Amino acid sequence: VSKQVLEQVLRELQPLCTAEQQFIEKFFQLSQDATELQVLEVSVRTIAPPHLIGYLFFFFLRLEEPTTQLLSEIFSCLEPELRGFLEVCSKVHPFSCLQVLVTLSDSIFEMLGSSSTLRSSFLNTVLGNMRFLAKSRFNKCIETLCKEIEEAKMPSKMKDRILPSVSLFEEFVNFSEEVFRTARQRGDLHEAHLRLASSVFSSINSLSSANLKVNTDMVMMENFHHIHCFLCQKKIHCLEGKKREAKQKYGEHMEKYVKYLGQPLEKLNHFFEGVKARVAQGVKEEEVSFQLAYSKQELRKVIEKYPGKEVKGALETLYRKIHKDLSPEENLLPVVWHAMEQEFIRQYQEFEDLIQHCYAGSGIAMDFTMEELLSYFNSITLSN
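Residues numbered from 1 in each chain as written. Predicted model: local features only at pLDDT ≥ 70, side-chain atom pairs only at ≥ 80, totals over all residues. Heavy atoms only, no water.

Undergrad: Account for the overall build of the protein chain, naming residues and giving values.
TA: For the protein chain, the helix and strand inventory stands at 16 helices and 0 strands. Across the 384 residues that make up the protein chain, the buried fraction comes to 43%. Sequence-distant contacts in the protein chain: of pairs separated by 6 or more residues, those separated by 24 or more amount to 77%. Carbon and sulfur atoms make up 53% of the accessible area of the protein chain, which amounts to about 21800 Å² in all. (Helix = DSSP H or I, 4+ residues; strand = E, 2+ residues; numbered from the N terminus. Buried < 20%, exposed > 50% of the residue type's maximum accessible area, 1.4 Å probe, protein only. Contact = heavy atoms within 4.5 Å. Areas by Shrake-Rupley, 256 points an atom, 1.4 Å probe, with all protein chains shown as cover.)

Put into structure tokens, the structure is as follows:
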């Protein structure tokens, strides 16, 4: 609504100010050199380096100063009224400064693109002041939002795994993209998006010190995955780097979560971690089995604790835990379960390699084969 009202006001102001300016210049004979001014303006704009454009604008403002002064007296209430309108907009919606900024920027851009005879330096000045004010409010809005995102408190119960800071970020991006959809310039928005993305990443990363009743890596994994999917959908060029970073973070925390899930073959893992430690300390591989704690007899005892049936049961229990942990909205269960399968395959291959090198010729082998392990995972996947 604020956008429509402001657009209507600007549409009515421009011809009014232009007509008044033309009347004043004609009546008081202030436009005798208008043609020369126009030629000079075009020439200087063409050859002037970019850093002098500001001085150029001030130069022409001084040339047109008598007209501007008269118009300032006639329309003395215009700028205070526009400022009041901005105040009302800010109270109606916290993000209204975006709409005001875009509308003013587009209007100024359009006026600067018109011919000199249709421009009002007075109106340009007033709208420039309003745009400066709107930009200031926009910056303050982003600063407040960044602080709100970074200081967002963790909910006491993690029913919804997507954090409040992530939801705030998405809300702003959705709103701002709609507002800037037809905007001629997006520099201000790009800068805001990057600042907010950095704040939301910082907010998620700070979870490592939060007192959560659920696994921290799981929550971080789901939120970075959520942001990655959101940015893939939005296709915002300036956030491509953040999209890649979110994907990387999501992968890192999934790996940590998979490790956290534990090791259903815990005793085997513990045994072989000890074997690797001895080898690292300088014990020759073929001599490890002569150490009492890592003898062939001890290895057989540990392997006997993990017959195929027990392993499959442990995996089924693990699947139920993952299913309970993960939120269905993110649909990460198949991905995490596949990662868990890859981790088990890696562990199994490592166990076999250690048996082959440290217990060569002993005839000791795992109670289940790689094919059987894969069939356990496949069976559990199909039955759920």
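Text resumes after the structure shown.
Undergrad: Pulling in residues and values, what's your account of the packing of aromatic side chains?
TA: Taken as a whole, this structure holds 13 aromatic pairs when the rule is applied. Consider the rings of Phe-95 and Phe-175, whose centres lie 5.6 Å apart with planes at 50°: the pair is tilted. Here the residue Phe-95 occupies a position in the loop between helix H5 (78-92) and helix H6 (96-112), and Phe-175 occupies one in helix H8 (residues 164-179), the gap between them amounting to 80 residues. Since its relative accessible area comes to 7%, Phe-95 is described here as buried. With a centroid separation of 5.5 Å and 85° between ring planes, the pair formed by Phe-271 and Phe-272 is classed as edge-to-face. Given the relative accessible area of 1%, Phe-272 is considered buried. Three or more aromatic residues joined by ring pairs make a cluster, and in this case those are Phe-271, Phe-272, Tyr-294 and Phe-351. Its end group placed over the ring of Phe-201, Lys-242 keeps NZ or CZ at 5.0 Å from the ring centre. (Phe/Tyr/Trp six-rings, centres within 6.5 Å; stacked < 30°, edge-to-face > 60°. Lys NZ or Arg CZ within 6 Å of the ring centre and 35° of its normal.)

Undergrad: Describe the environment of Val-336, with residues and values.
TA: Among the structural elements, Val-336 can be located in helix H15 (residues 333-358). For Val-336, a relative accessible area of 0% gives the class buried. Considering only alpha carbons, one finds Val-336 and Val-258, 78 residues apart in sequence, at a separation of 7.2 Å. Setting aside residues up to four positions removed in sequence, Val-336 forms contacts with Met-221, Met-254, Tyr-257, Val-258, Leu-261, Ile-322 and Leu-326.

Undergrad: Residues and numbers for the state of the cysteines, please.
TA: For the structure shown, the criterion picks out 0 disulfides. Distance from the sulfur of Cys-97, which forms no disulfide, to the nearest cysteine sulfur (Cys-141) is 4.2 Å. Residue classification places Cys-97 among the buried positions, given a relative accessible area of 7%. Not part of a disulfide, Cys-146 finds its nearest cysteine sulfur in Cys-141, a span of 9.4 Å. (Disulfide = S-S within 2.5 Å.)

Undergrad: Mind laying out the pattern of salt bridges, listing which residues take part and the relevant values?
TA: Pairing between side chains of opposite charge can happen when their charged atoms approach one another. Counted by the stated rule, this structure contains 14 salt bridges. Across the salt bridge formed by Glu-87 and Arg-137, the nearest N and O atoms sit 2.4 Å from each other. With Glu-87 in helix H5 and Arg-137 in helix H7 (residues 121-150), the pair connects residues that are 50 residues apart, well separated along the chain. In this structure, Lys-135 engages Asp-188 in a salt bridge whose closest nitrogen and oxygen atoms are separated by 3.7 Å. Residue Lys-135 is found in helix H7, and its partner Asp-188 is found in helix H9 (residues 187-205); the two are separated by 53 residues along the sequence. When sorted by exposure, Lys-135 lands in the same class as Asp-188, which is buried. (Salt bridge = Lys/Arg side-chain N within 4 Å of Asp/Glu carboxyl O.)

Undergrad: Before we move on, can you summarise the side chain of Asp-106 with the specific residues and values?
TA: Counting through the fold element by element, Asp-106 comes out in helix H6. One buried charged side chain, Asp-106, makes no salt bridge at all; its nearest oppositely charged neighbour is Arg-184, positioned 4.7 Å away. Apart from the residues within four sequence positions on either side, Asp-106 is in contact with Thr-182, Ala-183 and Arg-184. (Lys, Arg positive; Asp, Glu negative; His and termini not counted.)

Undergrad: Tell me about a negative patch on the surface, and please be specific about residues and values.
TA: Taken together, the side chains of Glu-304, Asp-367, Glu-371 and Glu-372 present a region of like negative charge at the surface. Locating Glu-371 in the fold gives a position in helix H16 (residues 370-382). For Glu-371, a relative accessible area of 59% gives the class exposed. (Patch = residues over 30% accessible without salt bridge, like charges linked within 9 Å, V, L, I, M, F, W, Y side chains within 5 Å. Charge placed at Lys NZ, Arg CZ, Asp CG, Glu CD.)

Undergrad: Please provide a residue-by-residue account of the nonpolar core, values included.
TA: Where a protein is soluble and globular, its nonpolar side chains tend to be buried together. Core analysis: the largest hydrophobic core is formed by 109 residues, its most contacted members being Phe-169, Leu-315 and Val-336. For this core, the element with the most residues is H7, which contributes 13 residues. (Core = buried A, V, L, I, M, F, W, Y, C linked by side-chain atoms within 4.5 Å.)

Undergrad: Go over the packing of H9 against helix H11 (residues 240-260) with me, naming the residues and quoting the values.
TA: Where H9 meets H11, the closest approach of the two axes is 11 Å, and the angle between their N-to-C directions is 10°. Comparing their axes, H11 and H9 come out roughly parallel. On H11, the residues that touch Ala-197, Ser-198, Phe-201 and Asn-205 of H9 are Lys-242, Glu-245, Ala-246 and Lys-249. Classifying every residue of the contact of H9 with H11 by side-chain character gives 3 nonpolar, 2 polar and 3 charged. (Axes fitted to C-alpha atoms, helices over the stretch in contact; angles between N-to-C directions. Parallel < 35°, antiparallel > 145°, perpendicular 65-115°, else oblique. Nonpolar A, V, L, I, M, F, W, Y, C, P; charged D, E, K, R; others polar.)

Undergrad: Account for the side chain of Lys-135, naming residues and giving values.
TA: Exposure remark for Lys-135: the relative accessible area of 19% places this residue in the buried category. Every residue in contact with Lys-135, bar those within four places of it in the chain, is listed here: Leu-101 and Asp-188.

Undergrad: Mind laying out the packing of helix H10 (residues 216-234) against H11, listing which residues take part and the relevant values?
TA: Relative orientation of the contacting elements H10 and H11 amounts to 155°, with a least axis distance of 8 Å. Regarding the angle of H10 to H11, the classification is roughly antiparallel. Judged by the twist between their axes, the crossing of H10 over H11 is left-handed. Mapping the contact onto sequence places Asp-217, Met-218, Met-220, Met-221, Phe-224, His-225, Ile-227, His-228, Leu-231 and Cys-232 in H10 and Lys-242, Lys-243, Ala-246, Lys-247, Lys-249, Tyr-250, His-253, Met-254, Lys-256 and Tyr-257 in H11. A breakdown of the residues in the contact of H10 with H11 according to their chemical character gives 11 nonpolar, 3 polar and 6 charged. (Left-handed = near helix turned anticlockwise from the far one by under 90°.)

Undergrad: Account for the environment of Ser-136, naming residues and giving values.
TA: If you trace the backbone, Ser-136 turns up in helix H7. With relative accessibility at 41%, the residue Ser-136 sits in the partly exposed group. Along the primary structure Ser-136 and Leu-101 are separated by 35 residues, whereas in three dimensions their C-alpha atoms are 9.7 Å apart.

Distances and angles like these do not, on their own, reveal function.
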